[in-house]
Amino acid sequence: MKKIMVTGALGQIGSELIEKLRSEYGVDNVLATDIRSIGAMTDGPFEVLDVTDGRKMHTLAKDFGADTLMHMAALLSAKAEKEPLLAWNLNMGGLTNGLEVSHELGMQFFTPSSIGAFGPSTPKKATPQETLQRPTTMYGVSKVAGELLCDYYFHKFGLDTRGVRFPGLISYVAKPGGGTTDYAVDIYYKAIQKGKYTSYIAEDTYMDMMYMPDALQAIVDVMEADPAKLIHRNAFNVTAMSFEPSQIAAAIQKHIPSFKIDYDIDPVRQAIADSWPDSIDPSAAISEWGFKACYDLAAMTEDMLVKLGMKPQASY
Ligand code: VAH
């Protein structure tokens, strides 16, 4: 990877991925693109790009001399359930353009899948790398189709496609939009701002989660991995922890003892969460390219609260 083009650069992952890639590969070697320009990072190359415009994507990648495309633009699960056709067209249209442009220009290709690619008939605990995938959300359908399409481009055209199945990602830079796991981000902001949080996900609803620094390192590591060691290609299961709302609240209360959580369930996002695994098995990523997560719930909670303005203090 030397010259990297990123789509969806202003999204929850994209905004921090740009910073990570520019620190690793050089500011001028990372072209950030997004459908909007408001809030665009100004320290390096940026272009407006609607990923459903394949011709413009091709022109930008060619003119930049990109050898790698990281395709991050997609509609997340909750938003996709509100606008399923828009989600299908954006998620699959953008992905097809990304694969075609990468194939035409001989680029390495990355796009993330998600635990959302699993459904209610998937084994819920220690979900294997290869298992039944019958998601019941449009987001999940587009993610499974995307995994299969990326594998097709690898087997049919030899395109170097790679990807991971991300769990819920937690960060303090760009707030996520339209996801089901967003509660695990919002709870930290509300803990600092209000000292309390009303969760739209019910107690005892376990989901896989990961702190953003571990997610960004996983992207770099899978892309830099020796291809000869890869048995799988796309959609490696990666996760750092699995928790339910009362556990993240307890981790916050170790720093803010007065913090309170209560519940007002959103049936749409609860149904999505119920259809996903409780915990997935990342052993293929560990054995094939050395995946590791550095943050557990306690370490992530302390870092999030401090970064969001809590004075570093001894835990209670
Ligand atoms: C979502 N944050 O909630 C995303 C992610 C596993 C969840 O794909 O839709």
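On a predicted model such as this, the values are computed, not experimentally measured, just so you know.

K.L.:
Just checking my understanding: could you explain the site of the ligand for this structure?
P.N.:
In the vicinity of the ligand, the contacting residues are L76, S77, S114, I115, Y139, F166, P167, G168, G179, T180, T181 and W276. One of the side-chain nitrogen or oxygen atoms of S77 is found 2.6 Å away from an oxygen atom of the ligand. In this structure, an oxygen atom belonging to the ligand sits 2.6 Å away from a side-chain N or O atom of Y139. Relative to its unbound accessible area of 270 Å², the ligand is 95% covered by the protein chains. Its residues assigned to classes, the shell around the ligand shows six nonpolar, six polar and no charged. Split by domain, the shell around the ligand shows at least three residues from each of two domains, domain 1 (4-167 + 211-237) and domain 2 (168-209 + 240-279 + 294-309).

K.L.:
I tried to follow a nonpolar patch on the surface on my own but got confused; where do I start?
P.N.:
There is a patch of nonpolar side chains on the surface, built from L85, W88 and V141 and spanning about 280 Å² of accessible area. Its location among the elements puts W88 in helix 4 (residues 84-105). You can call W88 partly exposed: its relative accessible area is 31%.

K.L.:
Looking at this structure, how should I read the sheet that holds strand 11 (residues 207-211)?
P.N.:
Within a sheet, each strand pairs with its neighbour through backbone hydrogen bonds, oriented either parallel or antiparallel. Read from one edge of the open sheet, three strands run 9-11-13, paired in mixed fashion. Every other strand in the sheet has two partners, leaving strand 9 (168-170) and strand 13 (241-243) as the edge strands with one partner each. Across the sheet, the axes of successive neighbouring strands diverge by a mean angle of 40°, strand direction being ignored. Of the strands in this sheet, strand 9, strand 11 and strand 13 touch helix 11 (residues 297-307), which is tilted by about 80° from strand 13.

K.L.:
So what exactly am I meant to see when it comes to the pattern of salt bridges here?
P.N.:
A pair can form between side chains of opposite charge whenever their charged atoms are brought close. By the definition in use, this model includes 11 salt bridges. Across the pair R233 and D160 runs a salt bridge, and its minimum N-O distance is 2.5 Å. Of this pair, R233 sits in the loop between helix 7 (212-224) and strand 12 (236-237) while D160 sits in the loop between helix 5 (138-157) and strand 7 (161-162); the two residues are 73 residues apart in sequence, bridging distant segments of the chain. A relative accessible area of 22% places D160 in the partly exposed class. One network of salt bridges, in which partners are shared, links D160, R162 and R233.

K.L.:
Would you take a moment to explain the environment of S23 for this structure?
P.N.:
For S23, the position within the fold is in helix 1 (residues 12-25). Here the alpha-carbon distance between S23 and F236, two residues 213 residues apart in the chain, equals 25 Å. Within polar-contact distance, the side chain of S23 engages the backbone oxygen of K20 at 2.7 Å.

K.L.:
What is the right way to look at the pairing of strand 4 (residues 68-71) in this model?
P.N.:
The side chains of a regular strand alternate between the sheet's two faces. In strand 4, alternate side chains face the same way, and those of T68 and M70 on one face and L69 and H71 on the other are all buried. Here strand 1 (residues 4-7) runs beside strand 4; their pairing, made up of four bridges, is parallel. Each bridged residue has a counterpart across the sheet, and for T7 the counterpart in strand 4 is H71.

K.L.:
Please clarify how the domain arrangement of the protein should be interpreted in this entry.
P.N.:
The assigned domain composition of the protein is domain 1 (4-167 + 211-237) and domain 2 (168-209 + 240-279 + 294-309). Distance from the C-alpha centre of domain 1 to the C-alpha centre of domain 2: 24 Å. Taken residue by residue, the interface counts 29 residues in domain 1 and 30 residues in domain 2. Summed over both partners, the interface of domain 1 with domain 2 buries about 2500 Å², with 60% contributed by carbon and sulfur atoms. Among the residues of domain 1 in contact with domain 2, Q12, K124 and Y211 are the three that bury the most area, contributing 33% of the side total. Linking domain 1 with domain 2 are one salt bridge, by the criterion used here. For K125, the salt bridge is made with D278, and the minimal N-O distance between the two is 2.7 Å. Our count for the domain 1 to domain 2 interface comes out at 17 residue pairs in polar contact (both at pLDDT 80 or more). If you list the elements that add at least two residues to the side of domain 1 that touches domain 2, you get helix 1, helix 3 (77-82) and helix 7. Counted by class, the side of domain 1 that touches domain 2 contains 14 nonpolar, nine polar and six charged residues.

K.L.:
For this particular structure, what's the right way to read the side chain of D182?
P.N.:
Assignment of secondary structure puts D182 in the loop between strand 9 and helix 6 (183-193). No salt bridge is formed by the buried D182; its nearest oppositely charged neighbour, R269, is found at 5.3 Å. Not counting the four nearest positions on each side in its chain, D182 is found in contact with P176, G177 and Y200.

Cut-offs applied
- Residues numbered from 1 in each chain as written.
- Predicted model: local features only at pLDDT ≥ 70, side-chain atom pairs only at ≥ 80, totals over all residues.
- Heavy atoms only, no water.
- Near = heavy atom within 4 Å.
- Polar contact = N/O pair within 3.5 Å; in protein donor to acceptor, adjacent residues only side chain to side chain.
- Areas by Shrake-Rupley, 256 points an atom, 1.4 Å probe, with all protein chains shown as cover.
- Nonpolar A, V, L, I, M, F, W, Y, C, P; charged D, E, K, R; others polar.
- Domains from an automatic or database assignment.
- Patch = residues over 30% accessible without salt bridge, like charges linked within 9 Å, V, L, I, M, F, W, Y side chains within 5 Å.
- Salt bridge = Lys/Arg side-chain N within 4 Å of Asp/Glu carboxyl O.
- Helix = DSSP H or I, 4+ residues; strand = E, 2+ residues; numbered from the N terminus.
- Buried < 20%, exposed > 50% of the residue type's maximum accessible area, 1.4 Å probe, protein only.
- Pairing = 2+ DSSP bridges.
- Axes fitted to C-alpha atoms, helices over the stretch in contact; angles between N-to-C directions.
- Contact = heavy atoms within 4.5 Å.
- Buried area = accessible area lost by both parts, 1.4 Å probe.
- Lys, Arg positive; Asp, Glu negative; His and termini not counted.

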